[in-house]
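# Topology and contacts: notes
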Amino acid sequence: DAGITQSPRHKVTETGTPVTLRCHQTENHRYMYWYRQDPGHGLRLIHYSYGVKDTDKGEVSDGYSVSRSKTEDFLLTLESATSSQTSVYFCAISGGPRGTGELFFGEGSRLTVL
Amino acid sequence: KQEVTQIPAALSVPEGENLVLNCSFTDSAIYNLQWFRQDPGKGLTSLLLIQSSQREQTSGRLNASLDKSSGRSTLYIAASQPGDSATYLCAGGINTGGFKTIFGAGTRLFVKA
């Protein structure tokens, strides 16, 4: 299994509070991604990173920001959480030395916003 | 708009049956096609990756094929087992300045003992 660790794995918070999810990889992959998975919508890309301090928006980026200060860490921040952001969040990586573009996922972080 | 469609949405089969899961995609410019397995409450596990220059990949009882000209991929599972019960997702890698991936909604498979 790819070395991807997400934290926290579960979080319950209240509307309006800030939340930060962390993704840590030990694979030295160039690209890192944050997805959310919701019933009826499947997996949707929030933001991605193509290198340290290089990030870009995905299809559902409103209300989210990201940062990548080190190759191994990619943070997803909800500045002011809303109930619509209740979801399961997955971190993924790709761009390893083999150059295949294969995508590997973390175990997910379940966020509930009350 | 780039789309990936999976048929059927759900499938129930008896143990031991051979089965085929289907995936179709609209963008013939995909550079790879990846099949994943997802168990309830878990992340996605990569099963097979087919590069655009390849026709198929095999791993154990799994065989995945890719036909870019028709926009289709299939995942063949031989001699299904109850442990194969999970949701299977296919995803097409699209090169738009970065490695972006478009996911299908998945096929929920239940293998009855």
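Each remark here, short or long, concerns the structure printed above.
Note that the structure is a prediction, hence the values are computed from the model and not measured. (Residues numbered from 1 in each chain as written. Chains lettered and ligands numbered in written order. Predicted model: local features only at pLDDT ≥ 70, side-chain atom pairs only at ≥ 80, totals over all residues. Heavy atoms only, no water.)

## Quick notes on the sheet that holds strand β8 (residues 72–77) of chain B
All names here are of chain B. Test applied: What makes two strands pair is DSSP finding at least two bridges between them. The helix and strand labels rest on DSSP assignments: H or I over at least four residues marks a helix, E over at least two residues marks a strand, and numbering proceeds from the N terminus. For helices, the axis comes from a line fit to the C-alpha atoms of the stretch in contact; other axes are also lines fit to C-alpha atoms, and the angle between any two N-to-C directions lies between 0 and 180 degrees.
Judged by pairing direction, the sheet is antiparallel, and its 5 strands sit side by side in the order β1-β3-β8-β7-β6 without closing on themselves. Whereas interior strands pair on both sides, the edge strands pair on one side only; in this sheet they are β1 (4–7) and β6 (56–59). Strand-to-strand, the axes of this sheet are offset by a mean angle of 15°, without reference to chain direction. Strand direction decides the pairing type here: β6 and strand β7 (residues 62–67), joined by 4 bridges, are antiparallel. When the bridges of β7 are listed, Q57 appears paired with A64.

## Here we look at the sheet that holds strand β7 (residues 64–70) of chain A
Residue and element names in this part refer to chain A. Pairing is antiparallel in the open sheet, where 4 strands are placed in the order β1-β3-β8-β7. Edge strands, defined here as strands with exactly one partner in the open sheet, are β1 (4–7) and β7. Strand-to-strand, the axes of this sheet are offset by a mean angle of 15°, without reference to chain direction. Note: strand β3 (residues 19–25) against strand β8 (residues 73–78), 6 bridges, orientation antiparallel.

## Some remarks on the pairing of β1 of chain B
All names here are of chain B. Rules: Classification of residues uses two cut-offs on accessible area relative to the type maximum, computed with a 1.4 Å probe and protein chains only: under 20% is buried, over 50% is exposed, and between them is partly exposed.
The alternating pattern of β1 places V4 and Q6 on a buried face and T5 and I7 on a face that is not buried. Bridge count between β1 and strand β3 (residues 19–25): 4 bridges; the pairing is antiparallel. Looking at the pairing, Q6 lines up with C23 of β3.

## Digging into the nonpolar core
Basically, it comes down to this: Definition of nonpolar core: a set of buried residues of the types Ala, Val, Leu, Ile, Met, Phe, Trp, Tyr and Cys, connected through side-chain atoms within 4.5 Å. The criterion used for residue contact is that any of the two residues' heavy atoms lie within 4.5 Å.
The biggest cluster of nonpolar side chains holds 22 residues, and the ones touching the most others in it are L33, W35, L75, I77, Y88 and L109 of chain B. Elements with a minimum of two residues in this core: β3, β4 (32–38), β5 (44–51), β7, β8, β9 (86–95) and β11 (107–112) of chain B. If we skip the residues at most four places from it in the chain, L109 of chain B touches L11, V13, L19, I77, D84, S85, A86 and Y88 of chain B. In this structure, I4, C23, I46 and A81 of chain A belong to the second largest nonpolar core, which totals 19 residues.

## Focus: the interface of chain A and chain B
Applied cut-off: Accessible surface is computed with a 1.4 Å probe, and the buried area is the amount of it that two parts give up when combined, taken over both parts together. Note on definitions: salt bridges are taken to be side-chain nitrogens of Lys or Arg within 4 Å of carboxyl oxygens of Asp or Glu. Here a polar contact is recorded for every N or O atom pair within 3.5 Å, except that within protein the pair must consist of a potential hydrogen donor and a potential acceptor, and residues adjacent in sequence are included only if both atoms are side-chain atoms. Asp, Glu, Lys and Arg are counted as charged, while Ala, Val, Leu, Ile, Met, Phe, Trp, Tyr, Cys and Pro are counted as nonpolar; the rest, among them Gly, fall into the polar class.
The partner chain B presents 17 residues to the 16 residues of chain A that form the contact. Its largest share of buried area at the contact with chain B, chain A owes to L43, L103 and F105 of chain A, together 26% of the area lost on that side. There are 0 salt bridges connecting chain A and chain B. Applying the counting rule to chain A against chain B returns 3 residue pairs in polar contact (both at pLDDT 80 or more). Listed by contribution, the elements that provide at least two residues to the side of chain A that touches chain B are β4 (31–38), β5 (42–51) and β9 (87–94) of chain A. Considering each element in turn, the side of chain A that touches chain B owes the most residues, 4 residues, to β4 of chain A. Its residues assigned to classes, the side of chain A that touches chain B shows 8 nonpolar, 6 polar and 2 charged.

## Thoughts on the pattern of salt bridges
By the definition in use, this model includes 6 salt bridges over all chains. Across the pair D38 of chain A and R36 of chain A runs a salt bridge, and its minimum N-O distance is 2.8 Å. For R61 of chain B, the salt bridge goes to D84 of chain B, with nearest N and O atoms at 2.8 Å. With R61 of chain B in the loop between β6 and β7 and D84 of chain B in the loop between β8 and β9, the pair connects residues that are 23 residues apart, well separated along the chain. Given the relative accessible area of 30%, R61 of chain B is considered partly exposed. Connected through salt bridges with shared partners, the residues R22, K70 and D73 of chain A form a single ionic network.

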